[in-house]
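# A closer look at the structure
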Amino acid sequence: MTIYHSVTDLIGHTPVIQLHKLDTGVCELFLKLENQNPGGSIKDRVALSMITEAEKSGRLKPGGTLIEATAGNTGLGLALIAAQKGYSLILVVPDKMSREKIFHLRALGAQVVLTRSDVGKGHPAYYQDYALRLSKSIPDALYIDQFNNDANPLAHASTTAPELFDQLGGQVDAVVVGVGSGGTLGGLQAWFRQHSPATEFVLADPAGSILADRVETGRYGNPGAWLVEGIGEDFIPPLAHIEQVRTAFRIGDGEAFATARELLKVEGILAGSSTGTLLAAALRYCRAQTTPKRVVTFACDSGNKYLSKMFNDDWMRQQGLLSRPAVGDLSDFIA
Ligand code: PMP
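Overview of the structure. All figures in this text were calculated on a predicted structure; none of them were measured in a lab.

## Regarding the overall build of the protein chain
Across its full length, the protein chain carries ten helices and ten strands. Its C-alpha atoms give the protein chain a radius of gyration of 20 Å, near enough to 20 Å, the size a compact globule of 335 residues would have. Counting only C-alpha atoms, the protein chain reaches 60 × 50 × 50 Å along its principal axes. Counting every position in the protein chain, which comprises 335 residues, the buried fraction comes to 46%. Of the contacts formed within the protein chain by residues at least 6 apart in sequence, a portion of 68% connects residues at least 24 apart.

Below you can see the structure in the form of C-alpha cells.
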C-alpha cells in the first residue's frame, strides 16, 4: 500500500464501479466516484489545476492571495489546497448559501465575504463583479474565475479523461455529463476528440436549465428554477462545446433526487444531487439502446451535505416531491 505525504496527492485516481443492481437495459453502466476526492468532489482536480497553472505562469507568488466567487465545491477544493500551499483565500459568497457551507469554508481557513443574493450581473454587489473588484484592490491578488480559466477543462483533459478511458479498458461508447462551469465537458471533449472520437457525449441537464434547449433546438428557452446543485445554467458557459453535443436529457428535481436516493439504497453509494441528474439521464440513455454499449457517468460530489435536504423525507415532502400516506403507521414519515 502506498503512503501519501500530502492530502493534495489524494486528488484524482478515483475508482470506477460498475452498477449491477439498477436496470441498465442492454448496456454496461459505470460510475466514476469523484465523491472520493479529499474535498468531496470533482472540483478538487480543478482547484489543484488552476492553482498549479497560476504558479507556473508566475501570476501566483508564494504567500499570495487567491479570490473566487463561489460557495460551492470549487470553493472547498480551493480552500483545501490554499491551506496546504500557504496561500490566503477570499471567497465572495451570495448570502443565500447554507450556513454549513460557510462554516466548512471558514474551518478550512478561507475568508468568506458575504454579498447580496438578490442582484444580477452588472450590479456592484453581484458576487462575481464584487470578486473581480476585490481582486483589483488587493496588491498581487489573483481572481481565479473558473468560468473563463483554461486550467479548469485542462484538469479533466489531463487527468479525468485518460483515467476513465484506461479504467474502462479503452472502450467507452458514451459519457454522460452535467454542465456547471463546463470544465468537465470541455476537458473531456478535448481529450476524447484526439483519442476516441467515436465516443458520444450525452448532456444531463436539470429541467429549467437552458442547456438542453440549446442541444435540441439550437435556441435558448427561458430559464426556470431547479433545486439540484452544481449543474444547469441560464447562459452558455464558454469552456464547453455544447454545440457538439447531440443528445440531452432534461431531468426534473423529483427524478434526480429519487435516483440519488436509489443509488444509496441499492448500490450503497452516498452521492450528491447532481449525481442524481447524471445517473437518471444515464439510465434513460441505457434503457433506450438496442445494442450493448459501455456508458460512464460521474458521482460528482459526496452526499453528506444533502442529508438534511434530498435524503430527508420531511424536506422532500415540503418540496412536494414525496407524499405521505393518508392512513396507517405514519411513524416512518416523522423527521
Ligand atoms: N456537480 C457538482 C456537484 C458540481 O459542484 C459541479 C461544479 N459546479 C458540477 C457537477 C459540474 O462541473 P463543471 O463545473 O465542470 O461543469
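Anyway, onward from the coordinates.
## Some details on the packing of helix H1 (residues 43–57) against helix H5 (residues 151–167)
Packing of H1 against H5 leaves a shortest axis separation of 8 Å and a crossing angle of 115°. Comparing the axis directions of H1 and H5 gives the class roughly perpendicular. For the crossing formed where H1 meets H5, the hand is right-handed. Along the contact surface, H1 presents Arg45, Val46, Ser49, Met50 and Glu53, while H5 presents Ala151, Asn152, Leu154, Ala155, His156, Thr159 and Thr160. Classifying every residue of the contact of H1 with H5 gives five nonpolar, five polar and two charged.

## What about the site of the ligand?
As a matter of local geometry, the ligand sits amid 18 residues, with Gly180, Ser181, Thr184, Gly230 and Cys300 nearest to it. Residues that form the shell around the ligand fall into these classes: three nonpolar, twelve polar and three charged.

## Quick look at the sheet that holds strand E4 (residues 88–94)
Here we have four strands laid out as an open sheet, ordered E5-E4-E3-E6, and parallel in their pairing. The sheet is open, and its two borders are formed by strand E5 (111–115) and strand E6 (141–143), each paired with just one other strand. Within this sheet the neighbouring strands show an average axis-to-axis angle of 20°, counted without direction.

## Focus on unusual backbone geometry
At Asp140, a position not held by glycine, the phi torsion is positive, near 65°. The residue Asp140 is located in the loop between helix H4 (127–137) and E6 in this model. Phi is positive for Asp145, close to 50°, though the residue is something other than glycine. For Asp145, the location among the structural elements is in the loop between E6 and H5. Residue classification places Asp145 among the partly exposed positions, given that 17 C-beta atoms sit within 10 Å.

## Things to note about the sheet that holds strand E7 (residues 174–177)
Pairing is mixed across the open sheet formed by six strands, whose spatial order is E1-E2-E10-E7-E8-E9. Of all strands in the sheet, those with a lone pairing partner are strand E1 (16–18) and strand E9 (247–251), marking the two edges. Strand-to-strand twist across the sheet, computed as the mean angle between neighbouring axes with direction ignored, equals 25°. Of the strand pairs in this sheet, E7 and strand E8 (residues 200–206) are connected by four bridges, and their pairing is parallel. Paired with Val177 across the bridge in E8 is Leu203. Here helix H9 (residues 273–287) sits on the sheet in contact with strand E2 (28–33), E7, E8, E9 and strand E10 (294–299), set at roughly 170° to E10.

## Concerning the nonpolar core
Core analysis: the largest hydrophobic core is formed by 93 residues, its most contacted members being Val176, Val177, Leu203, Ala281 and Ala282. By residue number, the principal contributor to this core is H9, which donates eight residues. If we ignore the near neighbours within four places in the chain, the residues touching Ala281 are Val176, Val202, Ala204, Phe249 and Ile251.

## Some details on the packing of H1 against helix H2 (residues 73–85)
Orientation of H1 relative to H2, taken along the N-to-C sense of each, is 50°, at an axis distance of 8 Å. It follows that H1 is oblique to H2 by the angle criterion. For the pair H1 and H2, the crossing hand works out as right-handed. From H1, Lys43, Asp44, Val46, Ala47, Leu48 and Ile51 reach across to H2, where they touch Asn73, Thr74, Gly77, Leu78, Leu80, Ile81 and Lys85. Broken down by class, the residue content of the contact of H1 with H2 amounts to seven nonpolar, three polar and three charged.

Rules used throughout
Residues numbered from 1 in each chain as written. Predicted model: local features only at pLDDT ≥ 70, side-chain atom pairs only at ≥ 80, totals over all residues. Helix = DSSP H or I, 4+ residues; strand = E, 2+ residues; numbered from the N terminus. Rg over C-alpha atoms; globule rule 2.2 N^0.38 Å. Buried ≥ 20, exposed ≤ 12 C-beta atoms within 10 Å, placed from the backbone. Contact = placed C-beta atoms within 7 Å. Axes fitted to C-alpha atoms, helices over the stretch in contact; angles between N-to-C directions. Parallel < 35°, antiparallel > 145°, perpendicular 65-115°, else oblique. Left-handed = near helix turned anticlockwise from the far one by under 90°. Nonpolar A, V, L, I, M, F, W, Y, C, P; charged D, E, K, R; others polar. Near = placed C-beta within 6 Å. Pairing = 2+ DSSP bridges. Core = buried A, V, L, I, M, F, W, Y, C linked by C-beta atoms within 7 Å.

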